[in-house]
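Structural overview
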Amino acid sequence: MAFIELKHVYKVYKNGVTALADVNLSINRGEFVFIIGSSGSGKSTLTKVLYREEKVTKGTVMVGGVNVSKLRNGNVYKLRRKVGVVFQDFRLLPKLTVYENIAYPLESYGMEAKEIRKRVLAAVEWVGLKDKLRSYPDELSGGQQQRVCIARAIVNKPKLIICDEPTGDLDPKMSREIMDVLENINKELGSTIIMATHDKEIVNRMKRRVIYMRDGVLVSDKEKGEYIEDEDN
Ligand code: ADP
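Description of the structure in this document. In this text, all values refer to a predicted model and were calculated from it rather than measured experimentally.

Next up on the list: the sheet that holds strand E3 (residues 32-36). Across the sheet, which stays open at both edges, the six strands sit in the order E6-E7-E8-E3-E9-E10 with mixed pairing between neighbours. With partners counted over all chains shown, the strands left at the sheet margins are strand E6 (83-87) and strand E10 (217-222), one partner each. Going from strand to strand, the sheet's axes swing by 15 degrees on average, the running direction of each strand aside. With four bridges connecting them, E3 and strand E9 (residues 209-214) associate as parallel partners. The residue bridging Ile35 from the neighbouring strand is Ile211, located in E9.

In structure tokens:
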């Protein structure tokens, strides 16, 4: 079985909107996959059902052998520990330093301080922010803040990293730096990376697998794909 498998997945929100309609998808360990499509096409929902931020209405979602669609609420934390998530709007805690922001998830598991320190230092090494450990988020550029988020996402050594428009608020140069970091993590750590994006330049430059969503339907899935412009844009 593939690392990630979606079978006949539907998501209908309470307001009646169908955000995913019969999505079938399998992703192998170590892949780097882009999810593209216009705003409202279901990209974000697709990422959310993978880490159980949203529950599917129908169908099966398997992640690393875990049936996410059947997971009890009380066990969702076990899944979350195996998945790192990076958001467009960073979601860093403003009153905590870079070090504390990255250490926070590990502290909440009750990990030993010495082990936490080791992991945080390794994570900042990956994103190239060793000299910013004592800074606060508002003292950093957008690109640097996003690198802190990536460090926070990888500190737990997750097999899966999900990124929802991680470069959405960044200029092209910072976006490239973020993509270099993610590509390096994918190559060197072997993490599977799934990234929802609007960024045509990035998708076309990286030549990875591209999944194209339209109105909740997975309409195209190509190895070494390119960005697809929406007809209505
Ligand atoms: P994208 O990430 O491609 O912009 P989304 O997955 O965010 O798309 O949204 C897909 C559809 O589901 C849209 O029509 C959106 O308005 C709707 N939607 C998303 N989240 C919710 C929610 N929590 N409640 C109701 N409708 C939602």
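What follows concerns the pattern of salt bridges. Counting across every chain of the model gives 14 salt bridges. Between Glu115 and Arg119 there is a salt bridge, with the nearest N and O atoms lying 3.1 Å from each other. Of this pair, Glu115 and Arg119 both sit in helix H4 (residues 113-127), separated by four residues, roughly a single helical turn. The partner of Glu229 in a salt bridge is Lys200, and the shortest N-O contact between them spans 2.8 Å. Taken together, the residues span a long stretch of sequence, with Glu229 in the segment after E10 and Lys200 in helix H7 (residues 200-206) at a distance of 29 residues.

This brings us to the sheet that holds strand E2 (residues 18-27). Through backbone hydrogen bonds, the strands of a sheet pair up, either in parallel or in antiparallel fashion. Strands sit in the order E2-E1-E4-E5 across an open sheet of four strands; the sheet is antiparallel. Taken across any chain shown, the strands that pair with only one partner, and hence form the sheet edges, are E2 and strand E5 (66-67). As judged from the five bridges shared by strand E1 (residues 4-12) and strand E4 (residues 58-63), these two strands associate in the antiparallel manner. Each bridged residue has a counterpart across the sheet, and for Ile4 the counterpart in E4 is Val63. Against the sheet, helix H1 (residues 43-50) touches E1, E2 and E4, its axis set at about 60 degrees to E2.

Their axes nearest at 9 Å, the elements helix H5 (residues 142-154) and helix H6 (residues 172-188) cross at an angle of 15 degrees. Between H5 and H6, the angle falls in the class roughly parallel. Note that H5 runs across H6; the crossing there is right-handed. From H5, Gly142, Gly143, Gln146, Arg147, Ile150 and Ile154 reach across to H6, where they touch Met174, Glu177, Ile178, Val181, Leu182 and Ile185.

In the region of the ligand, the neighbouring residues are Tyr13, Asn15, Val17, Ala19, Ser38, Ser39, Gly40, Ser41, Gly42, Lys43, Ser44 and Thr45. A distance of 3.3 Å separates a nitrogen atom of the ligand from a polar atom in the side chain of Asn15. Look at the ligand: alone it shows 560 Å² of surface, and the protein chains cover 64% of it. If one sorts the elements of the shell around the ligand by residue count, H1 sits on top with three residues. Considered class by class, the residues forming the shell around the ligand number three nonpolar, eight polar and one charged.

Let's shift gears to the environment of Phe34. Its place among the elements puts Phe34 in strand E3. The spatial distance from the C-alpha of Phe34 to the C-alpha of Glu223 is 10 Å, given a sequence separation of 189 residues.

Taken as a whole and assessed by the stated rule, the structure comprises one aromatic pair. Look at Phe32 and Phe34: their rings are 5.4 Å apart centre to centre, the planes differ by 50 degrees, and that puts the pair in the tilted class. Grouping residues by exposure puts Phe32 and Phe34 together as buried. Sitting over the face of the ring of Tyr10, Lys58 holds its NZ or CZ atom 4.6 Å from the ring centroid. For Arg81, the ring lying beneath its charged end belongs to Tyr109, and the centroid distance is 4.1 Å.

Rules used in this analysis
- Residues numbered from 1 in each chain as written.
- Predicted model: local features only at pLDDT ≥ 70, side-chain atom pairs only at ≥ 80, totals over all residues.
- Heavy atoms only, no water.
- Pairing = 2+ DSSP bridges.
- Helix = DSSP H or I, 4+ residues; strand = E, 2+ residues; numbered from the N terminus.
- Axes fitted to C-alpha atoms, helices over the stretch in contact; angles between N-to-C directions.
- Salt bridge = Lys/Arg side-chain N within 4 Å of Asp/Glu carboxyl O.
- Contact = heavy atoms within 4.5 Å.
- Parallel < 35°, antiparallel > 145°, perpendicular 65-115°, else oblique.
- Left-handed = near helix turned anticlockwise from the far one by under 90°.
- Near = heavy atom within 4 Å.
- Polar contact = N/O pair within 3.5 Å; in protein donor to acceptor, adjacent residues only side chain to side chain.
- Areas by Shrake-Rupley, 256 points an atom, 1.4 Å probe, with all protein chains shown as cover.
- Nonpolar A, V, L, I, M, F, W, Y, C, P; charged D, E, K, R; others polar.
- Phe/Tyr/Trp six-rings, centres within 6.5 Å; stacked < 30°, edge-to-face > 60°.
- Buried < 20%, exposed > 50% of the residue type's maximum accessible area, 1.4 Å probe, protein only.
- Lys NZ or Arg CZ within 6 Å of the ring centre and 35° of its normal.

Functional significance is not addressed by these values, which are geometric in nature.
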